[in-house]
Amino acid sequence: MIFDRYLLREVATPFLGISAALIVLFVTYSLTRYLSDATDGVLLADAVFLLTLLKGLIALETLLPVALYIALMVALGRLYSDWEVTAFKASGISEGRIIVPVLFLAGVISVGIAAISLWVRPWAYDQLYEIQADAEAFNDLDLLQAGRFHFDDERDRVIFMNARGEEGLRGLFVRSQQGQDLQVISADRGTFTAFATPDRHRLDLRDAQVFRQAGDGEDLLGYFKEFTLWLPTAIRDPVGPKPKRMSNPELRSSDTPDARAELQWRQSTAVSALLLALLAVPLSRTSPRRGRYAKVMLAVVLYALYYNLIGVARTGVEQQATATLWWAPGLLLVIVAGGFFFGRRRLT
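Residues numbered from 1 in each chain as written. Predicted model: local features only at pLDDT ≥ 70, side-chain atom pairs only at ≥ 80, totals over all residues. Heavy atoms only, no water.

### Brief notes about the side chain of Arg-121
Then, in step 1: On the secondary structure map, Arg-121 appears in helix H4 (residues 95–136).
Then, in step 2: A relative accessible area of 3% places Arg-121 in the buried class.
Then, in step 3: Within the structure, the side chain of Arg-121 is placed 2.4 Å from the side chain of Glu-61, a separation counted as a polar contact.
Then, in step 4: If we skip the residues at most four places from it in the chain, Arg-121 touches Ile-58, Glu-61, Ile-116, Lys-244, Glu-262, Trp-265, Arg-266 and Arg-314. (Helix = DSSP H or I, 4+ residues; strand = E, 2+ residues; numbered from the N terminus. Buried < 20%, exposed > 50% of the residue type's maximum accessible area, 1.4 Å probe, protein only. Polar contact = N/O pair within 3.5 Å; in protein donor to acceptor, adjacent residues only side chain to side chain. Contact = heavy atoms within 4.5 Å.)

### Notes on the confidence of the model for the protein chain
Then, in step 1: Residues of the protein chain with pLDDT of at least 70 account for 83%, and the chain-wide mean is 83.
Then, in step 2: In the model of the protein chain, helix H3 (residues 84–90) stands out as the element of lowest mean pLDDT, 65, in contrast to helix H5 (residues 248–253), which has the highest, 94. (pLDDT = per-residue confidence, 0-100.)

### Concerning helix H8 (residues 327–342)
Then, in step 1: For H8, with 16 residues, the first-to-last C-alpha span of 23 Å sits near the 22 Å given by 1.5 Å per residue.
Then, in step 2: All buried positions along H8 are accounted for by Ala-328, Pro-329, Leu-332, Val-336 and Gly-338.
Then, in step 3: Each element contacted by the buried residues of H8 is listed here: helix H6 (257–284) and helix H7 (296–318). (Expected span 1.5 Å × (residues − 1).)

### Looking at the packing of H6 against H7
Then, in step 1: Running from N to C, H6 and H7 point in directions that differ by 160°, and their axes come no closer than 10 Å. On the basis of their axis angle, the class for H6 and H7 is roughly antiparallel. For H6 against H7, the interelement crossing comes out right-handed. Along the contact surface, H6 presents Pro-257, Asp-258, Arg-260, Ala-261, Glu-262, Gln-264, Trp-265, Ser-268, Ser-272, Leu-276, Leu-279 and Leu-283, while H7 presents Leu-298, Ala-299, Leu-302, Tyr-303, Tyr-306, Ile-310, Arg-314, Val-317 and Glu-318.
Then, in step 2: In terms of residue class, the contact of H6 with H7 is built from 13 nonpolar, three polar and five charged. (Axes fitted to C-alpha atoms, helices over the stretch in contact; angles between N-to-C directions. Parallel < 35°, antiparallel > 145°, perpendicular 65-115°, else oblique. Left-handed = near helix turned anticlockwise from the far one by under 90°. Nonpolar A, V, L, I, M, F, W, Y, C, P; charged D, E, K, R; others polar.)

### Overview of the nonpolar core
Then, in step 1: Counting 45 residues, the largest nonpolar core has Phe-15, Leu-68, Tyr-69, Leu-72 and Leu-332 as the members making the most contacts within it.
Then, in step 2: Among the secondary structure elements, those contributing two or more residues to this core are helix H1 (2–39), helix H2 (45–81), H4, H6, H7 and H8.
Then, in step 3: For this core, the element with the highest residue contribution is H2, accounting for twelve residues.
Then, in step 4: Once residues within four sequence positions are removed from consideration, Leu-332 is found in contact with Ser-272, Leu-275, Leu-276, Leu-279 and Tyr-306.
Then, in step 5: Among the nonpolar cores identified, the runner-up in size contains 15 residues, and Leu-172, Val-174, Phe-192 and Leu-229 belong to it. (Core = buried A, V, L, I, M, F, W, Y, C linked by side-chain atoms within 4.5 Å.)

### Describing the packing of aromatic side chains
Centre-to-centre distance and the angle between the planes together describe a pair of aromatic rings.
Then, in step 1: The tally for this structure, following the rule as stated, stands at four aromatic pairs.
Then, in step 2: With a centroid separation of 5.2 Å and an interplanar angle of 45°, the aromatic rings of Phe-224 and Phe-227 are classed as tilted.
Then, in step 3: Assessed through its relative accessible area of 32%, Phe-224 is described here as partly exposed.
Then, in step 4: Exposure remark for Phe-227: the relative accessible area of 14% places this residue in the buried category.
Then, in step 5: The lysine or arginine in question, Lys-242, covers the ring of Tyr-129, its NZ or CZ lying 4.3 Å from the ring centre. (Phe/Tyr/Trp six-rings, centres within 6.5 Å; stacked < 30°, edge-to-face > 60°. Lys NZ or Arg CZ within 6 Å of the ring centre and 35° of its normal.)

### A look at the pairing of strand E4 (residues 181–197)
Then, in step 1: Pairing analysis gives nine bridges linking strand E3 (residues 168–178) to E4, with the strands arranged antiparallel. Paired with Arg-175 across the two strands is Val-184, which belongs to E4.
Then, in step 2: Hairpin connection, E3 to E4: the antiparallel pair is bridged by two residues, and Gly-179 has positive phi, about 65°.
Then, in step 3: Direction of pairing for E4 relative to strand E5 (residues 200–213): antiparallel, over a ladder of twelve bridges. Residue pairing across strands places Ala-187 opposite Ala-208, the latter belonging to E5.
Then, in step 4: In this structure, the hairpin formed by E4 and E5 is closed by a connection of two residues. (Pairing = 2+ DSSP bridges.)

### Thoughts on a nonpolar patch on the surface
Then, in step 1: On the surface, Met-297, Val-300, Val-301 and Leu-305 cluster together into a nonpolar patch covering about 380 Å² of accessible area.
Then, in step 2: Looking at the secondary structure, you find Val-301 in helix H7. (Patch = residues over 30% accessible without salt bridge, like charges linked within 9 Å, V, L, I, M, F, W, Y side chains within 5 Å. Areas by Shrake-Rupley, 256 points an atom, 1.4 Å probe, with all protein chains shown as cover. Salt bridge = Lys/Arg side-chain N within 4 Å of Asp/Glu carboxyl O.)

### Quick notes on the environment of Asp-199
Then, in step 1: Assignment of secondary structure puts Asp-199 in the loop between E4 and E5.
Then, in step 2: Judged by its relative accessible area of 46%, Asp-199 falls in the partly exposed class.

In structure tokens:
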């Protein structure tokens with residue numbers, strides 16, 4: 001038991017450290033991305049943190065396997081480079097006995113990854129799509145930043161303001177187009193009232209200039225001391241049955257290639273994590289003179305190749321070029337078996 005706890009601690013410590021570092025990096029990247037949308041007035045502050053949290057939960061199925069893989073390389077590599085494996089063998093502990101507690105930890109982590117992929121992933125994507133749909137339907141002008149052009153592709157509208165303050169908006173410019181009809185409005189001052197009616201916002205302008213160009217009629221140029229512009233509120237589009245948000249039974253009952261690829265991906269993440277953990281065992285074998293990090297770069301290259309390979313396999317299922325993505329984990333299994341086979345002389 002003491003021996004097992006020692007080995008588990010040697011692997012768990014770098015695993016937790018690497019996992020934390022990867023999660024922090026990913027969350028920071030996602031937060032930066034969503035904060036830029038919040039600056040543009042596309043997202044509310046509450047939505048930024050919720051979306052970042054959901055993205056982090058989804059990413060765990062990818063971050064945890066690579067953290068486990070590298071942690072095993074670092075921990076087992078240290079045991080070899082510091083002569084500890086040699087000492088274990090001299091004490092009658094075989095190399096095969098050494099990896100038993102390590103693989104037990106890898107199995108437990110793989111079960112957790114399976115739970116994330118099969119249940120947490122669809123729930124997180126469902127919440128993420130709902131929040132994004134709400135954000136796309138939200139066009140509160142009062143949140144837009146001054147000094148920047150804001151584009152509303154859905155309504156083919158461009159809005160710009162020079163400044164904003166307690167007295168309202170200043171230096172407003174609104175350009176909108178419907179078919180061949182073009183309207184350009186500029187005003188020195190304005191105030192915005194969100195949801196003045198259940199389906200419209202109200203923009204009251206002072207000293208406004210309005211230019212309208214009709215595709216099949218006369219153009220209009222007018223100057224108005226006061227001008228009211230009614231902006232329709234966005235209609236929230238339903239999210240729809242996207243495969244990433246569908247439950248596992250729904251995916252099984254669907255016959256679309258996207259649903260089949262999504263289900264196979266969820267089922268393969270834990271298998272991939274366990275196979276990568278097994279691959280780390282023969283890769284970590286090194287002589288003390290070569291150092292504990294001698295094969296870490298090779299391990300990173302192999303992981304990158306496999307991650308891209310299984311991504312290609314998933315795309316092949318989505319495009320109906322192949323019926324399954326399991327050939328990629330199968331190829332990794334062959335590589336793992338080869339690693340153990342060619343290193344069998346070192347086992348006692």
